[in-house]
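What the coordinates show
Below, each chain spelled out in residue letters.
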Amino acid sequence: MNPTLRIPGSPSTRAVAARDWEHRAGELGDRLPTGFEVSVATSAFQIEGAARDGGRGDSVWDTFSQASGRIRDGSNASVSTDHVKNYAADAALLRDLGVDSYHFSLGWTRLQSEGRGALNRNGLAFYDRLLDALLADGIRSTATLSHWDLPAALRGGWLNRDTAGRFADYAHAVGEAFGDRIDAWVTLAEPATVTAKGYALGTHAPGRTLLFDALPAGHHQLLAHGLAVQALRAADVRGRIGLVNSHTPVQPATDRDQDRSYAALYDLLTNRLFADPVLLGHYPDPLEPFALELRTLLEADPDDLRTIHQPLDFYGVSYTEPARVAADPAILTGPDGQPIPITSWPFHLEHFREHPTTSAGAVNAPEYVVVALAELAERYPAMPPVYLSLSGGAFLDHADARNSVHDPARIDYLAEHLVAALDAAGSIDLRGVTFWSLLDAFEWNAGYTQPTGLVHVDFSDDRRTRTPKQSYRWLQQALANR
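Everything numeric in this text was worked out from a predicted model, so none of it was measured.

1. Considerations on the overall build of the protein
- Looking only at helices and strands, the protein has 16 helices and 13 strands in total.
- The C-alpha atoms of the protein give a radius of gyration of 22 Å, which matches the 23 Å a tight globule of 482 residues would have.
- Buried positions account for 58% of the 482 residues belonging to the protein.
- Contacts in the protein between residues far apart in sequence, at least 24 positions, make up 78% of those at least 6 positions apart.
- Carbon and sulfur atoms make up 49% of the accessible area of the protein, which amounts to about 19,100 Å² in all.
- Of the side chains in the protein, 42 bear a positive and 60 a negative charge, and the two mean positions are spaced by 3 Å.

2. Examining the sheet that holds strand S6 (residues 250-252)
- With mixed pairing, the three strands of this open sheet are ordered in space as S6-S8-S9. Each end of this open sheet is capped by a strand with a single partner; those strands are S6 and strand S9 (347-349). Here the average twist between neighbouring strands, direction ignored, is 35 degrees.
- Where strand S8 (residues 323-327) and S9 come together, three bridges link them in antiparallel fashion. Across the sheet, the residue bridging to Ala-326 is His-348, located in S9.
- Docked against the sheet, helix H11 (residues 257-279) engages S6, S8 and S9, running at close to 130 degrees with respect to S8.

3. What to know about the nonpolar core
- Grouped together as the largest cluster of nonpolar side chains are 138 residues, with contacts concentrated most on Trp-61, Leu-106, Leu-145, Trp-185 and Tyr-315.
- Among the elements that line this core, the one with the most residues is H11, at eleven residues.
- Residues Ala-184, Val-186, Phe-314 and Tyr-387 belong to the second largest nonpolar core, which totals five residues.

4. Section: helix H14 (residues 367-379)
- Taking 1.5 Å per residue, 13 residues should reach 18 Å; H14 reaches 19 Å between its end C-alpha atoms and fits that length.
- By the burial criterion, the buried members of H14 are Glu-367, Tyr-368, Val-369, Val-371, Ala-372, Leu-373, Ala-374, Glu-375 and Leu-376.

5. Looking at the environment of Ala-200
- Turning to its location among the elements, Ala-200 is positioned in helix H9 (residues 191-200).
- Along the sequence, Ala-200 and Leu-211 sit eleven residues apart, while their C-alpha atoms lie 3.9 Å from each other.
- Those residues in contact with Ala-200 that sit more than four places away from it in its chain are Thr-195, Arg-208, Thr-209, Leu-210, Leu-211, Ala-214 and Trp-345.

6. What to know about H11
- Taken as a whole, H11 carries its principal kink of about 50 degrees at Arg-272.
- For H11, the tally of buried residues reaches 17 of 23 residues, placing the bulk of the element in the interior.
- Positive phi appears at Gly-281, one or two residues downstream of H11, with a value of about 90 degrees.

7. Describing the side chain of Asp-407
- You can see Asp-407 is positioned in the loop between strand S10 (386-391) and helix H15 (408-424).
- Here Gln-470 takes part through its backbone nitrogen, which lies 3.4 Å from a polar atom of the side chain of Asp-407.
- Reaching out from Asp-407, the side chain makes a polar contact with the side chain of Ser-471 at a distance of 2.6 Å.
- For Asp-407, the contacting residues outside a window of four places in its chain are Asp-397, Lys-469, Gln-470 and Ser-471.

8. Quick look at the confidence of the model for the protein
- Taken over all residues, the pLDDT of the protein has a mean of 91, while the share at 70 or more is 92%.
- Across residues 1-19, where pLDDT falls below 50, the model places 29 contacts with residues more than four positions away in sequence or in other chains.
- Note on residues 330-335: pLDDT under 50 across the span, and 15 contacts to partners over four residues away in sequence or across chains.

9. Some points on the pattern of salt bridges
- Across all of its chains, the model carries 28 salt bridges by this definition.
- With a shortest N-O distance of 3.8 Å, Arg-295 and Asp-213 are connected by a salt bridge. In this pair, Arg-295 is assigned in helix H12 (residues 295-298) and Asp-213 in the loop between H9 and helix H10 (215-234), connecting sequence segments 82 residues apart.
- On the accessibility criterion, Arg-295 (36% relative accessible area) is partly exposed.
- A relative accessible area of 46% means that Asp-213 is categorised as partly exposed.
- Arg-463 serves as the salt-bridge partner of Asp-461, at 3.5 Å between the closest nitrogen and oxygen.

10. Describing the environment of Arg-31
- Checked against the element boundaries, Arg-31 lands in helix H2 (residues 25-31).
- Overall, the relative accessible area of 38% leaves Arg-31 in the partly exposed class.
- Put simply, Arg-31 and Leu-154 are 123 residues apart on the chain and 47 Å apart in space, counted from C-alpha to C-alpha.
- A polar side-chain atom of Arg-31 sits 3.1 Å from a polar atom in the side chain of Asp-423.

11. Some words on the packing of aromatic side chains
- Considering all chains together, one arrives at 24 aromatic pairs under this definition.
- Aromatic side chains Trp-61 and Phe-64 sit 5.1 Å apart centroid to centroid with 70 degrees between the ring planes, which places their arrangement in the edge-to-face category. Here Trp-61 and its partner Phe-64 are both found in helix H4 (residues 60-66), three residues apart, which amounts to about one turn of the helix. Neither Trp-61 nor Phe-64 differs from the other in exposure class; each is buried.

About the thresholds
- The numbers attached to residues start from 1 for each chain and follow its sequence in the written order.
- Where totals are concerned, whole chains, interfaces and linings use all residues; where local detail is concerned, this predicted model gives features only for residues with pLDDT of at least 70, and gives and counts side-chain atom pairs only at 80 or more.
- Calculated side-chain values reflect all of the structure's heavy atoms, with hydrogen atoms and water omitted.
- Where helices and strands are cited, they refer to DSSP runs of H or I of at least four residues and of E of at least two residues respectively, numbered from the N terminus.
- Here the globule rule reads 2.2 Å times residues to the power 0.38, and the radius of gyration is calculated from C-alpha atoms.
- Type-normalised accessible area, obtained with a 1.4 Å probe on protein chains alone, sets the label of each residue: buried when under 20%, exposed when over 50%, and partly exposed for intermediate values.
- Contact between two residues is taken to exist if any of their heavy atoms lie within 4.5 Å; hydrogens are not considered.
- Accessible areas in this description were obtained via Shrake-Rupley with a 1.4 Å probe; residue shielding takes into account the shown protein chains only.
- Only four residue types enter the tally: Lys and Arg on the positive side, Asp and Glu on the negative side; His and the chain ends are excluded.
- The atom standing in for a charge is NZ when the residue is Lys, CZ when it is Arg, CG when it is Asp and CD when it is Glu.
- Whether two strands pair comes down to DSSP finding at least two bridges between them.
- Between the N-to-C directions of two axes lies an angle of 0 to 180 degrees, each axis being a line fitted to C-alpha atoms and, for a helix, fitted only over the stretch in contact.
- Nonpolar core, defined: a set of buried Ala, Val, Leu, Ile, Met, Phe, Trp, Tyr and Cys residues in which side-chain atoms within 4.5 Å join the residues together.
- Here the expected length of a helix is defined as 1.5 Å per residue gap, with one fewer gap than residues.
- To get the bend at a residue, fit one axis to the 7 residues ending there and another to the 7 starting there, then take the angle between the axes.
- Residues adjacent in sequence count toward polar contacts only when both atoms are side-chain atoms; beyond that, a polar contact is any pair of N or O atoms within 3.5 Å, and within protein one must be able to donate a hydrogen and the other to accept it.
- For every residue, the predictor states its confidence as a pLDDT score lying anywhere from 0 to 100.
- Salt bridge, as applied in this entry: a Lys or Arg side-chain nitrogen positioned within 4 Å of an Asp or Glu carboxyl oxygen.
- Stacked, tilted and edge-to-face pairs are distinguished by plane angle, under 30 degrees for stacked and over 60 for edge-to-face with tilted covering the rest, among Phe, Tyr and Trp rings (Trp via its six-membered ring) whose centres lie within 6.5 Å.

So this is what it looks like as structure tokens:
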């Protein structure tokens, strides 16, 4: 790989160039290639609300949110944007925005309260209404079977291999119900994030802190993906099928051997552990110093790997930020030189002081979109068409006295990431980009403290009044000028 990709351009130059993006929506629209798909996304748990309506069951996130100290502002998503009641208004926002498609997720617990059995009639009726509204407005749909959402009734969650089979049954039933109207299917969204934050570190539901012992949760998600692809095809769905993996460009903090070793470990855990089985049919070789911790990779059933390695119609890439990895003090071996089992992460992530951050603290470095896509092209030369998925950042904003929401930082962010994606299209078959998110919503363990939407939602108002932000108007103009 070209090492110059590791040294993106001057952030100060980028910031100056970005200031006038709001006024250059027409120019940006001209850059969008013919057929390049632009969509916006949401996820079921974050926006739907109606937590006790129509037989919906508890999600692991319902349980997680009830525990003290788990959610930054002590909130929950029992109402959130109340999308179940406001779906028609949200479909109208999508129509007026002018996007090509809407990337949403199906609430597993709304369709199967306990993750098994016949699909819930009320849940089916809701998604029927939503899909009919999208079709009436000419908006294509991309549906994710599970976006970090798992029925709490499934004991052990993704640590239990049986959950993969339950997921396949759910996928087949949903495929039969909606397969004639959904244009694209995503099996899972970011299984690496679910594994790391939900099972290794405990900052997301279900709140387990297993570190390397969380790896089976990752394997079972990948197995569920492969089984779900088979189930959707058995249901004869007409839409394309893929998944969304998170991809993080990784670099060592210094040239020291330890930093390089841990950067390679972080790259394996975050990227290759989830992409290699899907795209190559095998796990990456465990790194020698960490063979004990990564033994799960060596123990993987070859039949599982064949199931995981399904032909895909597309591959979604979720890019948020790069990672700079540094080793903690020497912990690999004891005084006798023998390996010591790792009981806490043996590395930490250092700051990118040369780049700004979002209000949530994520590195705002769109230049690394080029790095992420170039790495994919290098590692997986036969990969299917790519969509840059779930690209968005949190920026604090509020409605003024005239009920206008000015969010120039979000405009800069979206514009820069879109341009970076278009600049990277020469290295890979990039077919589209999905922006996160349509609506301000419950942002997982951050609660309602980190708005990411193009549309402001007033959570103090029982009607959950929606107000399109300046960024919505900017994207609307860019899409109108294609």
